[in-house]
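# Summary of structural features
These are the residues of each chain, in order.
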Amino acid sequence: MTRQELFTWIRQQYGTEPEYPWHDWNAVLRHNDNNKWYGVVLEVSADKLRLPEVGIIDVLNVKSDPLLIGSLRRQDGYFPAYHMNKEKWLSIQLGKPELDDAIKDLLSLSYELTAPKKRNRKLPANNPGDSANGKEKEADEG
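Let me begin by describing the structure that accompanies this report. Bear in mind that the values here come from a model prediction, so they are computed numbers and not experimental data.

### Remarks on unusual backbone geometry
Although it is not a glycine, asparagine 35 adopts a positive phi angle of roughly 65 degrees. Secondary-structure assignment places asparagine 35 in the loop between β1 (27-30) and β2 (37-45). The residue arginine 50 is not glycine, and still its phi comes out positive at about 60 degrees. Relative to the helices and strands, arginine 50 resides in the loop between β2 and β3 (56-63).

Rendered as structure tokens:
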């Protein structure tokens, strides 16, 4: 998956557009509602990732489960997160077709992990004698 294919997919999947806060080719993928990052696409020198090739490659940083990160980093195309918390974020090399499905799955997980937290609204406690529909209380008052 190339960066353009990734951007097309996130547009369709999440309705978000890449943002370029550093005014270069590096892009942030951000939730529309809480502005949290769920992904970052970066140009990285291959030698910084200890790759044998020469030049610049594109990577996608995603937030993930630390246990999953540990097992993925042992596989080809996965790296400690570049310029991010290495315990909670992971870099994935773009442009490797064999990783396309994993990229979509990991990006979906990252999107969920960075989504707004659902608040549990506390319901008022029922007084003894109140029923779920409140009819017993009405009968007592009448």
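Past the structure itself, the notes keep going.
### Let's talk about the pattern of salt bridges
If you walk through the whole model with that rule in mind, you get five salt bridges. Here arginine 11 and glutamate 17 are joined by a salt bridge, their closest N and O atoms 2.7 Å apart. In this structure, arginine 30 engages glutamate 19 in a salt bridge whose closest nitrogen and oxygen atoms are separated by 2.9 Å. With arginine 30 in strand β1 and glutamate 19 in the loop between α1 (3-14) and β1, this residue pair connects regions lying eleven residues apart in the sequence. By relative accessible area, which is 19% here, arginine 30 ends up buried. The class for glutamate 19 is partly exposed, based on a relative accessible area of 34%.

### Let's talk about the sheet that holds strand β5 (residues 89-93)
Read across the open sheet, the five strands follow the order β1-β2-β3-β5-β4; overall the sheet is antiparallel. The open sheet is flanked by β1 and β4 (78-80), the only strands paired with a single partner. Taken pair by pair, the neighbouring strands of this sheet meet at an average axis angle of 30 degrees, ignoring direction. The pairing of β4 with β5 spans three bridges and is antiparallel. Paired with tyrosine 78 across the two strands is isoleucine 92, which belongs to β5. Of the strands in this sheet, β1, β2, β3, β4 and β5 touch helix α3 (residues 100-113), which is tilted by about 45 degrees from β3.

Rules used in this analysis
Residues numbered from 1 in each chain as written. Predicted model: local features only at pLDDT ≥ 70, side-chain atom pairs only at ≥ 80, totals over all residues. Heavy atoms only, no water. Helix = DSSP H or I, 4+ residues; strand = E, 2+ residues; numbered from the N terminus. Salt bridge = Lys/Arg side-chain N within 4 Å of Asp/Glu carboxyl O. Buried < 20%, exposed > 50% of the residue type's maximum accessible area, 1.4 Å probe, protein only. Pairing = 2+ DSSP bridges. Axes fitted to C-alpha atoms, helices over the stretch in contact; angles between N-to-C directions. Contact = heavy atoms within 4.5 Å.

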